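Next come the chains, spelled out residue by residue.
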2 protein chains.
Amino acid sequence: MEQVSTNNAFGGAQGVYKHASAATGTEMTFSVFVPPHQPGTKLPVVWYLSGLTCTHANVTEKGEFRRICAELGLIFVAPDTSPRGPDLNGNAVPDDPAGAYDFGLGAGFYVDATQAPFDRHYKMWSYVTEELPTLIADNFPADMTRQSIMGHSMGGHGAITIALRNPGRYASVSAFAPIVAPGQVPWGEKALAGYLGEDRATWRRHDAVALIEDGARVADLLVDQGGADSFLTQELRPELLESACKTAGIDLTLNLREGYDHSYYFISTFMADHLRWHATRLIKD
Amino acid sequence: MEQVSTNNAFGGAQGVYKHASAATGTEMTFSVFVPPHQPGTKLPVVWYLSGLTCTHANVTEKGEFRRICAELGLIFVAPDTSPRGPDLNGNAVPDDPAGAYDFGLGAGFYVDATQAPFDRHYKMWSYVTEELPTLIADNFPADMTRQSIMGHSMGGHGAITIALRNPGRYASVSAFAPIVAPGQVPWGEKALAGYLGEDRATWRRHDAVALIEDGARVADLLVDQGGADSFLTQELRPELLESACKTAGIDLTLNLREGYDHSYYFISTFMADHLRWHATRLIKD
């Protein structure tokens, strides 16, 4: 692991790191904020999974999480959203060398691809759930028995599906404007078909609503959704999550924020609420 | 004035606007955050002047000012740092079509240039002190009797010199890592010679330390400076401001922040302190 940069902020350190990933077979970049803490202590970890087109940098620069992580004593980890490399764009979208914003580079959808050519590098599920946690545990003052996970849009999809399929591992899960039913919306249908193939039965393990229908559970779930989000009705469809949670008895807090859009202006506004919600579940005296 | 974008944030609205500037003879872009407020009320205004290479966007995305402006009821205005246009880069730096980071585009130094070819468009002093305030007064719920001004690096230079030369206009002035004596440091010598000519006597009206030596005063002044700022000893030299303020009897609060650099990680950490400092002086019951 190599440190790309480190900047003091809010009494802690905002770092950016890169490493050769075994999961993706590429170099991967991620960011970690370590809040001020007593030497020798280990701190709970919040994972933040980003949305389409993003790298670690979007939330790192615009998420406004450091003040509250410093106050609450939370490590904040932001991975990239796909493998990257000079060949990967063309591989992902052969007919479009510039790449599509919703597939391929920046759009890994937190799955392990099974379809060529993506099955070679697009292993974001294994990267986020296995490889990167080991790296974090080995290199930061992280208490890996206390983890929570959150995300935005495609990253909300990642956070909820990862929490649903790893019961007991995360103390809490939350999302901003998540894709909750990729099997039923255009972004998800394109990505899951491309990475997992046409057999829709294989998609259900990467679809929060389908996972809940199939019996997966979390204790509770916090979602904030902008009412002026241009992707609300076609891609995000929080009503599908609401219905699935109601049927399953999952305690969903769904906050519809009138006038807010899909941007980091929305996310940063409610970031503190989400981090406090995680801290309540991570830090028990 | 045309609205480029508006995003709800922290209960208020973050807007970006552009207009044809009479001062610069170019189109100019700026951002304004209007906090939540009762319709019909007018709010105090904080001006934020950015540093070298920046546009309005840097602080708008990374400054973390909205939460505290919403809490305190402050309008936050962020102008650009120079005129921009397809011809202006070549005009500014004839031998370097790509432009220099510290002169020309993104480096207006908040002066009205007197030297050709810059005297045609580089009129950032008039733009920030005359034209833009009129536009703000006409288009936003701004109480122009209650203004404060702050800035970063080159923008700290701008904020302090503007406050010193407009006594009574700003309730308060503060800066992050300001250039305090451009006449004595490489960045400033290059810019002031380029925009104002070789007669150093003309530079003193755009040099905070020289202005104080020549009798200009503010009631008090807040400066935060990172101790790990790579520009500290050669370009910023806060000790020169400290000495001038001491001699002049200006109440300078100079906070040296060990380990902090010149970036928005530093600025965002101390933004709330600065806005509270301004609010104390702007909002008197």
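Refer to the structure presented above.
Owing to the predicted nature of the structure, the values given are computational and were not obtained by experimental measurement.

Here is what the cut-offs are and how they apply
- Residues numbered from 1 in each chain as written.
- Chains lettered and ligands numbered in written order.
- Predicted model: local features only at pLDDT ≥ 70, side-chain atom pairs only at ≥ 80, totals over all residues.
- Heavy atoms only, no water.
- Contact = heavy atoms within 4.5 Å.
- Buried area = accessible area lost by both parts, 1.4 Å probe.
- Salt bridge = Lys/Arg side-chain N within 4 Å of Asp/Glu carboxyl O.
- Polar contact = N/O pair within 3.5 Å; in protein donor to acceptor, adjacent residues only side chain to side chain.
- Least-squares fit on C-alpha atoms with pLDDT ≥ 70 in both.
- Helix = DSSP H or I, 4+ residues; strand = E, 2+ residues; numbered from the N terminus.
- Pairing = 2+ DSSP bridges.
- Axes fitted to C-alpha atoms, helices over the stretch in contact; angles between N-to-C directions.
- Buried < 20%, exposed > 50% of the residue type's maximum accessible area, 1.4 Å probe, protein only.

1. Structural notes on the interface of chain B and chain A
Then step 1. Taken together, the contacts link 21 residues of chain B with 21 residues of chain A.
Then step 2. In total, about 2000 Å² of surface goes out of reach between chain B and chain A, with carbon and sulfur atoms giving 47% of it.
Then step 3. In terms of surface lost to chain A, no three residues of chain B exceed Asn8, Glu64 and Tyr265 of chain B, which account for 35% of the buried area on that side.
Then step 4. Linking Glu64 of chain B and Arg66 of chain A is a salt bridge whose minimum nitrogen-to-oxygen distance equals 3.7 Å.
Then step 5. In this assembly, chain B and chain A are joined by ten residue pairs in polar contact (both at pLDDT 80 or more).

2. As for the relation of the copies chain B and chain A
Then step 1. After a rotation of 180° and a shift along the axis of 0.0 Å, chain B superposes on chain A with an RMSD of 0.0 Å. The operation mapping one copy onto its partner corresponds to a two-fold rotation axis. Looking at the rotation axis and the C-alpha trace of chain B, the residue lying nearest is Lys62 of chain B, at 2.8 Å.

3. Some points on the pattern of salt bridges
Then step 1. Under the criterion given, the structure shown has 24 salt bridges over all chains.
Then step 2. Put simply, Asp220 of chain A and Arg281 of chain A hold a salt bridge, and the shortest N to O gap is 3.1 Å. In this pair, Asp220 of chain A sits in strand 8 (residues 220-226) while Arg281 of chain A sits in helix 10 (residues 264-282), placing the two residues 61 residues apart along the sequence.
Then step 3. A salt bridge links Glu239 of chain B to Arg237 of chain B; its shortest N-O distance comes to 3.3 Å.
Then step 4. Members of the salt-bridge network, linked through shared partners, are Arg204, Glu213 and Asp214 of chain A.

4. Focus on the sheet that holds strand 4 (residues 43-49) of chain A
Residues and elements named next belong to chain A.
Then step 1. Across the sheet, which stays open at both edges, the nine strands sit in the order 1-2-3-5-4-6-7-8-9 with mixed pairing between neighbours. Of all strands in the sheet, those bounded by a partner on one side alone are strand 1 (2-9) and strand 9 (251-257). Neighbour-to-neighbour, the strand axes of this sheet turn through a mean angle of 20°, independent of strand direction.
Then step 2. Note: strand 1 against strand 2 (residues 12-20), seven bridges, orientation antiparallel. Paired with Thr6 across the strands is Gly15, a residue of strand 2.
Then step 3. Of the strands in this sheet, strand 2, strand 3 (27-34), strand 4, strand 5 (75-79) and strand 6 (142-152) are in contact with helix 4 (residues 124-139), which crosses strand 3 at around 50°.
Then step 4. Packing of helix 10 onto the sheet brings it into contact with strand 4, strand 5, strand 6, strand 7 (170-176), strand 8 and strand 9, and relative to strand 7 it is tilted by some 165°.

5. A word on the environment of Pro141 of chain A
Residue and element names in this part refer to chain A.
Then step 1. Mapping Pro141 onto the fold places it in the loop between helix 4 and strand 6.
Then step 2. Given the relative accessible area of 22%, Pro141 is considered partly exposed.
Then step 3. For Pro141, the contacting residues outside a window of four places in its chain are Val34, His37, Thr41, Lys42, Leu43 and Ile75.

6. Describing helix 6 (residues 186-196) of chain B
Residue and element names in this part refer to chain B.
Then step 1. Among the eleven residues of helix 6, eight are classified as buried, and the element is accordingly described as predominantly covered.
Then step 2. Where helix 6 is concerned, the buried positions are Trp187, Gly188, Ala191, Leu192, Ala193, Gly194, Tyr195 and Leu196.
Then step 3. The inward-facing, buried residues of helix 6 abut helix 8 (232-236).
Then step 4. One or two positions beyond helix 6, positive phi appears at Gly197, with a value near 95°.

7. Structural notes on the sheet that holds strand 2 (residues 12-20) of chain B
Residue and element names in this part refer to chain B.
Then step 1. Ordered in space as 1-2-3-5-4-6-7-8-9, the nine strands form an open sheet in which the pairing is mixed. Bordering the open sheet on either side are strand 1 (2-9) and strand 9 (251-257), each of which pairs with just one other strand. Taking the axes of each pair of neighbouring strands and ignoring which way they run, one obtains an average angle of 20° across the sheet.
Then step 2. Examined bridge by bridge, strand 7 (residues 170-176) and strand 8 (residues 220-226) share three bridges and lie parallel to one another. Across the sheet, residue Ser174 finds its bridge partner in strand 8, namely Leu222.
Then step 3. Along the sheet, helix 4 (residues 124-139) makes contact with strand 2, strand 3 (27-34), strand 4 (43-49), strand 5 (75-79) and strand 6 (142-152), crossing strand 3 at roughly 50°.

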